[in-house]
Amino acid sequence: QVQLVESGGGLVQAGDSLRLSCAASGRTFISYAMGWFRQAPGNKRDFVSGISWSGNNTYYADSVTGRFTITRDNAKKTVDLQMNSLKPEDTAIYYCAAGELGEYWATTRQFDRLVHYWGQGTQVTVSS
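Values in this document were obtained by computation on a predicted structure and should not be read as measured data. (Residues numbered from 1 in each chain as written. Predicted model: local features only at pLDDT ≥ 70, side-chain atom pairs only at ≥ 80, totals over all residues. Heavy atoms only, no water.)

S.K.: Just checking my understanding: could you explain the pairing of strand S7 (residues 68–73) for this structure?
M.R.: Note on strand geometry: in a regular strand, side chains alternate between the two faces of the sheet. The two faces of S7 differ: Phe-68, Ile-70 and Arg-72 on one face are buried, but Thr-69, Thr-71 and Asp-73 on the other face are not. Strand direction decides the pairing type here: S7 and strand S8 (residues 78–83), joined by 6 bridges, are antiparallel. The residue of S8 that forms the bridge with Asp-73 is Thr-78. Counting the residues in the hairpin turn of S7 and S8 gives 4 residues, including Lys-77, whose phi is positive at 55°. (Buried < 20%, exposed > 50% of the residue type's maximum accessible area, 1.4 Å probe, protein only. Helix = DSSP H or I, 4+ residues; strand = E, 2+ residues; numbered from the N terminus. Pairing = 2+ DSSP bridges.)

Here you go:
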C-alpha cells in the first residue's frame, strides 16, 4: 500500500506563489506516474499536472501551462508543484495522485481508473 501526504497549501493573494509537496510512503512494487488534481466546491475533480516515473515527461492542464511546474525526486519519494502567478480560479483542494498511464490523465475523463492512490488533499485559496 502507498500513502500520499500533501503539504504547502494556504491562503495567498492573486499573483503570489505556493509550492505544494507530496510525500509517498509504504512499499511499492512498481514505479508510478504521479501528479496533481484539484477540486473546487460543486465541481468535479480536474487534472492539473502529471509527471512520468522517470521525470522525463511532464503534463499540464491548459489553464496552468506556463505558471505551474511539476518535479519529482524518486530517492525521496516526493513530487512537488510550484505554482506561480496564482489566480482566484486556482482556488481548490489539491490532491496528490499516483498511478499508471500518466500521459492519459490530461486527456481522459476516466482518470479514476488510472489513479490508484490519492492523498488527503490540501486547500489552496487565492484571494483577489
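S.K.: What should I look at first to understand the nonpolar core in this one?
M.R.: Where a protein is soluble and globular, its nonpolar side chains tend to be buried together. Within the largest apolar cluster, 33 residues are counted, with the highest numbers of intra-cluster contacts made by Trp-36, Leu-81, Met-83 and Tyr-94. At the level of elements, strand S3 (18–25), strand S4 (33–39), strand S5 (46–51), S7, S8, strand S9 (92–99) and strand S11 (122–127) are the ones that each hand at least two residues to this core. For this core, the element with the highest residue contribution is S9, accounting for 5 residues. (Core = buried A, V, L, I, M, F, W, Y, C linked by side-chain atoms within 4.5 Å.)

S.K.: Looking at this structure, how should I read the packing of aromatic side chains?
M.R.: How two aromatic rings sit relative to each other is set out by the distance from centre to centre and by the angle between their planes. Here the structure, examined in full by the defined rule, presents 6 aromatic pairs. On the basis of an interplanar angle of 65° and a centroid distance of 6.5 Å, the ring pair of Phe-111 and Trp-118 is categorised as edge-to-face. Feature note: the residues Phe-37, Phe-47, Trp-105, Phe-111 and Trp-118 constitute an aromatic cluster, connected by ring pairs. The aromatic ring of Tyr-95 is capped on one face by Arg-45, whose charged end is 3.7 Å from the ring centroid. Just above the ring of Trp-118 sits the side chain of Arg-45; from NZ or CZ to the centre is 4.5 Å. (Phe/Tyr/Trp six-rings, centres within 6.5 Å; stacked < 30°, edge-to-face > 60°. Lys NZ or Arg CZ within 6 Å of the ring centre and 35° of its normal.)

S.K.: Please clarify how the side chain of Ser-49 should be interpreted in this entry.
M.R.: For Ser-49, the position within the fold is in strand S5. Looking at Ser-49, its side chain comes within polar contact range of the main-chain oxygen of Tyr-59, at 2.9 Å. The contact partners of Ser-49, leaving out residues within four places of it in the chain, are Gly-35, Trp-36, Tyr-59, Tyr-60, Ile-70 and Leu-81. (Polar contact = N/O pair within 3.5 Å; in protein donor to acceptor, adjacent residues only side chain to side chain. Contact = heavy atoms within 4.5 Å.)

S.K.: It is not clear to me how unusual backbone geometry should be interpreted in this structure. Could you clarify?
M.R.: When glycine is set aside, most residues are seen to have a negative phi, and most peptide bonds are trans. Of note, Lys-77 is a non-glycine position whose phi angle comes to about 55°, a positive value. Take Lys-77: it is sitting in the loop between S7 and S8. Here the phi dihedral of Leu-101 falls at roughly 50°; this positive angle occurs in a residue that is not glycine. By relative accessible area, which is 39% here, Leu-101 ends up partly exposed.

S.K.: Looking at this model, I keep getting lost on the sheet that holds S3. Mind explaining?
M.R.: The pairing of strands in a sheet comes from backbone hydrogen bonds and takes either a parallel or an antiparallel form. If you walk across this open sheet you meet the 4 strands as S1-S3-S8-S7, and the pairing is antiparallel. Strands with a single pairing partner mark the edges of an open sheet, and in this sheet they are strand S1 (3–7) and S7. Each strand axis lies, on average, 15° off the axis of its neighbour in the sheet, ignoring direction. (Axes fitted to C-alpha atoms, helices over the stretch in contact; angles between N-to-C directions.)

S.K.: Sorry, what's going on with the pattern of salt bridges here?
M.R.: In a structure, side chains of opposite charge can pair up when their charged atoms sit close to one another. Inspection of the entire model under this criterion finds 3 salt bridges. Among the ionic pairs, Arg-67 bridges to Asp-90, the shortest N-O distance being 2.8 Å. Highlighted residues: Arg-67 in the loop between strand S6 (58–60) and S7 and Asp-90 in the loop between S8 and S9, separated in sequence by 23 residues. With respect to burial, Arg-67 and Asp-90 carry one shared label: buried. What you see here is one network of salt bridges that share partners, running through Arg-38, Arg-67 and Asp-90. (Salt bridge = Lys/Arg side-chain N within 4 Å of Asp/Glu carboxyl O.)

All we've got here are geometric facts, nothing functional implied.
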